[in-house]
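Structural overview
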Amino acid sequence: MQRKSDDIHIKRMADLLRQGATLTDLACPVCSSPLFRLKDGTLWCGVDEKKVIIVKEVEDAEKGANPAMDKLEATLMAKVDSLQAKIEQTDNAEEIGKLTNALNEILNSLEKVKRMKKS
Ligand SMILES: [Zn+2]
C-alpha cells in the first residue's frame, strides 16, 4: 500500500517539474516532503497537493548555516551509537543501568537540540 501511494507522489512531483516548478530545499511542515516553488513563487507540497506558507523561510536558511547546533547534534548522535554498542557488549546489570541512564540523558539533550533548531 505504501509503495502505491509513493508512486502517486512521485508522479505528482514529476508533473510539477514538467509544469516548470522547481524543487526547493525546504520541507513541508505537514509531511516533511520536499517543497516545490511554482512559477508564480508559491510554495507547493506535491504530496498534500496544497499551497504551503513558510513563515520562517529566511530564518530557516540562517539556521541551516548554524554549524554549532549541527555539530552538537552530530556529537550526541555519535555518543548514542557508542553507548548502544557498549550496552550490547555488556551483561552486567549495573553497567547496563548506568549506560541506559547515560543514553537517556543524551536522548533528552538531542530532543532539546532538535527543538531549538526547529523553533
Ligand atoms: Zn506536505
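Notes on the structure in this doc start here. (Residues numbered from 1 in each chain as written. Predicted model: local features only at pLDDT ≥ 70, side-chain atom pairs only at ≥ 80, totals over all residues. Heavy atoms only, no water.)

Turning next to the overall build of the protein chain. If you tally the helices and strands in the protein chain, you get four helices and four strands. Taken from the N to the C terminus, the helices and strands of the protein chain come in the order α-β-β-β-β-α-α-α. The burial tally for the protein chain puts 24% of its 119 residues in the buried class. Long-range contacts, defined as pairs at least 24 residues apart, comprise 32% of the intrachain contacts of the protein chain with a sequence gap of at least 6. Carbon and sulfur atoms form 56% of the exposed surface of the protein chain, whose accessible area is close to 8800 Å². (Helix = DSSP H or I, 4+ residues; strand = E, 2+ residues; numbered from the N terminus. Buried < 20%, exposed > 50% of the residue type's maximum accessible area, 1.4 Å probe, protein only. Contact = heavy atoms within 4.5 Å. Areas by Shrake-Rupley, 256 points an atom, 1.4 Å probe, with all protein chains shown as cover.)

Bridging between strand E1 (residues 22-27) and strand E2 (residues 34-37) involves three bridges; their strand directions are antiparallel. Residue pairing across strands places Thr22 opposite Arg37, the latter belonging to E2. (Pairing = 2+ DSSP bridges.)

Once that is clear, we can look at the pattern of salt bridges. Applying the stated criterion across every chain, the model contains five salt bridges. Notably, a salt bridge pairs Lys11 with Asp15, separated by 3.4 Å at the nearest N-O pair. With Lys11 and Asp15 both in helix H1 (residues 2-18), this residue pair falls four residues apart, about one helical turn. Residue class for Lys11 comes out exposed when judged on its relative accessible area of 54%. Exposure remark for Asp15: the relative accessible area of 23% places this residue in the partly exposed category. A cluster of three or more residues bridged by salt bridges with shared partners is formed by Lys11, Asp15 and Arg18. (Salt bridge = Lys/Arg side-chain N within 4 Å of Asp/Glu carboxyl O.)

So, about the packing of helix H3 (residues 67-89) against helix H4 (residues 93-118). Helix-helix packing is described using two parameters, namely the angle between the two axes and the distance between the axes. Relative orientation of the contacting elements H3 and H4 amounts to 160°, with a least axis distance of 10 Å. Taken together, the axis directions place H3 and H4 in an arrangement best described as roughly antiparallel. Of the two elements, H3 crosses H4, and the hand of that crossing is left-handed. Residues Met69, Asp70, Leu72, Glu73, Leu76, Met77, Lys79, Val80, Leu83, Lys86 and Ile87 of H3 pack against Leu99, Thr100, Ala102, Leu103, Ile106, Leu107, Ser109, Leu110, Val113, Lys114, Met116 and Lys117 of H4. Of the residues in the contact of H3 with H4, the class split is 15 nonpolar, two polar and six charged. (Axes fitted to C-alpha atoms, helices over the stretch in contact; angles between N-to-C directions. Parallel < 35°, antiparallel > 145°, perpendicular 65-115°, else oblique. Left-handed = near helix turned anticlockwise from the far one by under 90°. Nonpolar A, V, L, I, M, F, W, Y, C, P; charged D, E, K, R; others polar.)

This paragraph deals with H3. Each α-helix winds once per 3.6 residues, and so residues spaced three or four apart point in a common direction. In this model H3 runs 33 Å from its N-terminal to its C-terminal C-alpha over 23 residues, within 8% of the 33 Å that 1.5 Å per residue would give. For H3, the complete set of buried residues consists of Met69, Glu73, Leu76, Val80 and Leu83. (Expected span 1.5 Å × (residues − 1).)

Reading across the sheet, the four strands line up as E1-E2-E3-E4 and stay open at both edges, with antiparallel pairing between neighbours. The outermost strands of the open sheet, each flanked by one partner alone, are E1 and strand E4 (50-51).

Before going further, it helps to examine the coordination of the zinc ion. For a metal with four donors in a tetrahedral arrangement, the ideal angle between donors is 109.5 degrees, while six donors in an octahedron ideally sit at 90 or 180 degrees. Coordination of the zinc ion by the protein involves Cys28 (SG), Cys31 (SG), Cys45 (SG) and Asp48 (OD), with metal-donor separations of 2.0 to 2.2 Å. In this structure, the zinc ion is coordinated by four donor atoms arranged in tetrahedral fashion, with angles at the metal of 102 to 116°. Between consecutive donors of the zinc ion, the numbers of intervening residues give the motif C-x2-C-x13-C-x2-D. For Cys31, a relative accessible area of 26% gives the class partly exposed. (Donors = N, O, S within 2.8 Å, 3.2 Å for Na, K, Ca; no water. Tetrahedral: all angles 85-135°; square planar, octahedral: opposite > 155°, others 65-115°.)

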